Amino acid sequence: MALVELSVVEQRYHAVIEVLSGAKVTDVAERYGISRQSVHTWVRRYRGGGLGALADRSHRVRAHPMQTPAATKPLYGCTGCGATSTSPINYNHPKSSR
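Predicted, not measured: the structure shown is a model, and the values here were computed from it.

Chemist: Residue-level account of the overall build of the chain, with values.
Modeler: Of the regular secondary structure elements, the chain holds 3 helices and 2 strands. The secondary structure elements of the chain, listed N-terminal to C-terminal, are α-α-α-β-β. For the chain, the proportion of its 98 residues judged to be buried stands at 15%. Taking contacts inside the chain between residues at least 6 apart in sequence as the whole, the part at least 24 apart equals 30%. Per element, the accessible surface of the chain, about 8,100 Å² overall, is 53% carbon and sulfur.

Pasting the structure below:
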């Protein structure tokens, strides 16, 4: 019998099924070499979205609390050519010395 490597989602699914079948979260976490918080997270995600919810998620920051909303940024204009920018210095302007 050949050894088959399981995907990350399949491993998480097996851990979740063990917990839902009555195994203790601490025992499952120890068996898979992960924290019990991770097991709880996987169970919660599985209950909320099924197998697809166990896939890895992006860690991209979607918003920053100190970011200025686009609607409140001032718009600077060039009196010579009518070009506009949200920066007081537009380095891409054709008349820029930089």
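Chemist: How would you explain the packing of helix 1 (residues 8-20) against helix 3 (residues 36-49) if you had to name every residue and give the values?
Modeler: Viewed as axis vectors pointing N to C, helix 1 and helix 3 meet at an angle of 90°, and their least axial separation amounts to 9 Å. Taken as axis vectors, helix 1 and helix 3 run roughly perpendicular relative to one another. Contact with helix 1, carried on its side by R12, Y13, A15, V16, I17, V19 and L20, involves V39, W42, V43, R45, Y46 and R47 of helix 3 and no other residues of that element. When its residues are assigned to classes, the contact of helix 1 with helix 3 shows 10 nonpolar, no polar and 3 charged.

Chemist: Requested: an account of the environment of Q37, with residues and values cited.
Modeler: Looking at where Q37 falls in the secondary structure, it is placed in helix 3. Residues Q37 and V25, spaced 12 residues apart in sequence, show a C-alpha to C-alpha distance of 8.9 Å.

Chemist: Give me the confidence of the model for the chain: which residues, what numbers.
Modeler: Across the chain, the average pLDDT comes to 80, with 65% of residues at or above 70. By mean pLDDT, strand 1 (residues 76-77) is the weakest element of the chain at 58, and helix 2 (residues 25-32) is the strongest at 96.

Chemist: Lay out helix 1 with the relevant residues and their values.
Modeler: Helix length check: helix 1 (13 residues) gives 18 Å between terminal C-alpha atoms against 18 Å at 1.5 Å per residue, within 8%. Buried residues along helix 1 sit in contact with helix 2 and helix 3. In the segment just after helix 1, G22 is the residue with positive phi, at about 115°.

Chemist: Describe helix 2, naming the residues involved and giving the relevant values.
Modeler: Residues of helix 2 that are buried: V25, V28 and A29. Angularly, the buried residues of helix 2 cover 100° about the axis, an arc narrow enough to put them on a single face. Those residues of helix 2 that are exposed and aimed more than 90 degrees away from the buried face are E30 and R31. Along its buried surface, helix 2 packs onto helix 1 and helix 3. Within two residues after helix 2, G33 carries a phi angle of roughly 70°, on the positive side.

The rules we used
- Residue numbering note: each chain is counted from 1, following its sequence as written.
- Selection of residues for local features in this predicted model requires a pLDDT of at least 70, selection of side-chain atom pairs for listing and counting requires 80 or more, and totals for whole chains, interfaces and linings are taken over all residues.
- As a rule here, side-chain values cover all heavy atoms of the structure and leave hydrogens and water aside.
- Comment: elements are numbered from the N terminus, with helices defined as DSSP H or I runs of at least four residues and strands as E runs of at least two.
- Between buried and exposed lies partly exposed: a residue is buried under 20% and exposed over 50% of the maximum accessible area for its type, with that area taken using a 1.4 Å probe on protein chains only.
- The contact definition used throughout considers only heavy atoms, calling two residues in contact when any of these lie within 4.5 Å.
- Values of accessible area rely on a 1.4 Å probe in the Shrake-Rupley scheme; residue burial ignores everything except the protein chains shown.
- Orientation is described by axes fitted as lines to C-alpha atoms, over the contacting stretch for helices, and by angles from 0 to 180 degrees between their N-to-C directions.
- Any angle from 65 to 115 degrees is called roughly perpendicular, while one under 35 is roughly parallel, one over 145 is roughly antiparallel, and all others are oblique.
- Just so you know the grouping, Ala, Val, Leu, Ile, Met, Phe, Trp, Tyr, Cys and Pro go in nonpolar, Asp, Glu, Lys and Arg go in charged, and all remaining residues, Gly too, go in polar.
- One confidence number per residue, pLDDT, is output by the predictor and ranges from 0 to 100.
- Helix span is expected to be 1.5 Å times the residue number reduced by one.
- Summarising the geometry, the arc corresponds to the directions from the helix axis toward the C-beta atoms.

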